[in-house]
Amino acid sequence: MNNFKEKLAGRIFLVLAFSSISALALITVFILIQGAPIMTKVGLFKFVFGMEWAPSQEKFGIFPMLVGSVSVTLGAALLGVPIGICCSIFLAEFAPATVRNIFRPAIQLLAGIPSVVYGFWGLIFIIPVIRDYLGGPGLSILAGSIILAIMILPTIISISEVSILALPRQYKEGALALGMNQWQAIWSVMLPAAKSGIVAAVILGIGRAIGETMAVIMILGNAVALPESILDPVRTLTTNIGIEMGYAAGEHRQALFATGIVLFIIIMIINASAQYITRKK
Amino acid sequence: MIMKLKNAFKEYRPLCLGSAKHRAALLAPFFALLLLALCLTASCSGRHNTAVIVAGSTSVQPYAEILAEEFSLLCPDCEVDVQGGGSSAGITAAESGAADIGLSSRVLKENEQHLWFVEIAKDGLAIIIHPANPLSNLTIEQVRAIYAADISNWSELGGANNKIHLITREEGSGTRSAFEDLVMEEKRITTKAIVQDSNGAVKQLVSSDKNSIGFISLGLVDETVMAISLNGLAANWDNIANGSYPLFRPFLFICKEPPTGQTKQFIDFTLSDQGQQILIKEGLIPQQTELKDE
């Protein structure tokens, strides 16, 4: 009887686990079926590296959006990574318990704010500031990078903090015993030892940034031209789908799914490399 | 690595490939779910059979939804189901019978003329700028040049020496295609233009940026933005009614054949005083307004 119960429980969990995997399989198959025809029709190279996006004139080139996604994500990483790593070092090594107890939940809360709220906040506060002090329309790569930098902070901080805390105590104690001061111990012993975790944190943060849609629809400006400066509006792969899906039909719709395929592949590469790095040790 | 995978697979084998009875137990929940889904879709499509299906232009859709809501108050047994899809899709749906009424925000083309249609209202298109912008009048040619990026600074139009921030709608939007037909003609909207995905977002941006220009449905213009005059003619109902303000488009209901039954009731309601009042309240120009030159 007990054996049967156990088997039954095991099977139920297996079914539930399958349902999450089958969701992934369904989504993958669906976007492939929907997007592949237009990719083969236009040609993979022309689709990915085409400079013009005008579905009404049957021009499907997503290169400006690739540039958009890469530039905004890079900007977010440049702003967010140093802040995130410094913050995790502070939390792991320097912060007194009381400060840590306030900081940690506060940073977790940052992850809980809906992205549309980030977008709205950016639209109301960041964009007018950029427009007034730096010029341009305000909706720009810079605005998107700032918002995304804030959005990826929780990912970067919590994962790098965990990987610093996971180091054996002897590393730090040994370094201090050799006469290093605390900063030297962190810089030359602990950070290199926690490198794989920190790199994984950065990559996961980048994955989060490149997949973000709602916040950036509101603040990037969504122009389909190659940007000339960080104050130019730009469109990312995600916002291309988000902004045009409502009205799209026929080939236009297929092209949006094909955009999804490209995005899917990019994110898979990013996540796979994060897993590879954390496993390597 | 591969060995590891093989071992893992072996561990799961008894679970996956057990006796037939066990496999059935494993699959039962799937079938139950499938059955449930089938029942749900069946009950949905069953309901559709009696409802009036209205589909098409997403510009007309919000107004049709309001009309459908009011109509269901008047006639509790009637059901009107409003869907989007775009003008062309709506016309096709009406022709094929997939929808009882097709919605269009453009006039019928030559090969669509055999369909029955009625104009329910007109919608004006307003070119809007920030209220602090000293300009208040442009020609259509100037607007076209701005959107084609031939003019990029307000000083070229007699305004302040600032770059023009162009705001447009996304590809596929009915408002965008109306703007392209009525203003751009053979020119194309520059890819440098900022793209927003709703009338509201365009209005919000224009109201916050004093160097911007955009276009929205006339019914949605309020004091936060300024609708500019075209060729010296203000964007208002009177000028559209007498045919002098050129930017407007018809909202059409299209049927395969002259409507009957509930479909006719809904169209009659839309054209009645009550229906037209609803549309006026929502900012449209009523259907009774005859155009001078048409």
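Residues numbered from 1 in each chain as written. Chains lettered and ligands numbered in written order. Predicted model: local features only at pLDDT ≥ 70, side-chain atom pairs only at ≥ 80, totals over all residues. Heavy atoms only, no water.

Draft legend 1. The overall build of chain A, seen in detail. Scanning chain A from terminus to terminus reveals twelve helices and two strands. Going from the N terminus to the C terminus, chain A shows its helices and strands as α-α-β-β-α-α-α-α-α-α-α-α-α-α. Taken along the three principal axes of its C-alpha coordinates, chain A extends 70 × 70 × 30 Å. Within chain A, buried positions represent 44% of all 281 residues. Restricting to contacts in chain A with at least 6 residues of sequence separation, those with at least 24 account for 71%. For chain A, the exposed area adds up to about 14200 Å²; of that, 72% sits on carbon and sulfur atoms. (Helix = DSSP H or I, 4+ residues; strand = E, 2+ residues; numbered from the N terminus. Buried < 20%, exposed > 50% of the residue type's maximum accessible area, 1.4 Å probe, protein only. Contact = heavy atoms within 4.5 Å. Areas by Shrake-Rupley, 256 points an atom, 1.4 Å probe, with all protein chains shown as cover.)

Draft legend 2. Structural view of the domain arrangement of chain A. All names here are of chain A. If you check the domain split of chain A, you get domain 1 (2-49) and domain 2 (63-279). Of note, the centres of domain 1 and domain 2, computed from C-alpha atoms alone, are 27 Å apart. Taken over both partners, the interface formed by domain 1 and domain 2 buries close to 1200 Å², and the fraction arising from carbon and sulfur atoms is 78%. The closest approach of N and O atoms between E251 and K41, which form a salt bridge, is 2.5 Å. Across the contact surface, domain 1 and domain 2 share two residue pairs in polar contact (both at pLDDT 80 or more). Counting only elements with at least two residues in the side of domain 1 that touches domain 2, the list comes to α1 (2-42) and α2 (44-49). No other element matches α1, which puts twelve residues into the side of domain 1 that touches domain 2. Among the residues making up the side of domain 1 that touches domain 2, the classes are represented as eleven nonpolar, three polar and one charged. (Domains from an automatic or database assignment. Buried area = accessible area lost by both parts, 1.4 Å probe. Salt bridge = Lys/Arg side-chain N within 4 Å of Asp/Glu carboxyl O. Polar contact = N/O pair within 3.5 Å; in protein donor to acceptor, adjacent residues only side chain to side chain. Nonpolar A, V, L, I, M, F, W, Y, C, P; charged D, E, K, R; others polar.)

Draft legend 3. Representation of the packing of aromatic side chains. Counted by the stated rule, this structure contains 14 aromatic pairs over all chains. Summarising the aromatic geometry, the rings of W183(A) and W187(A) are spaced 5.8 Å apart at their centres and angled 25° between planes, so their arrangement reads as stacked. Taken as a pair, W183(A) and W187(A) lie in helix α8 (residues 182-193) at a separation of four residues, close to a single helical turn. Three or more aromatic residues link up through ring pairs in this structure, and these residues are F71(B), F253(B), F266(B) and F269(B). (Phe/Tyr/Trp six-rings, centres within 6.5 Å; stacked < 30°, edge-to-face > 60°.)

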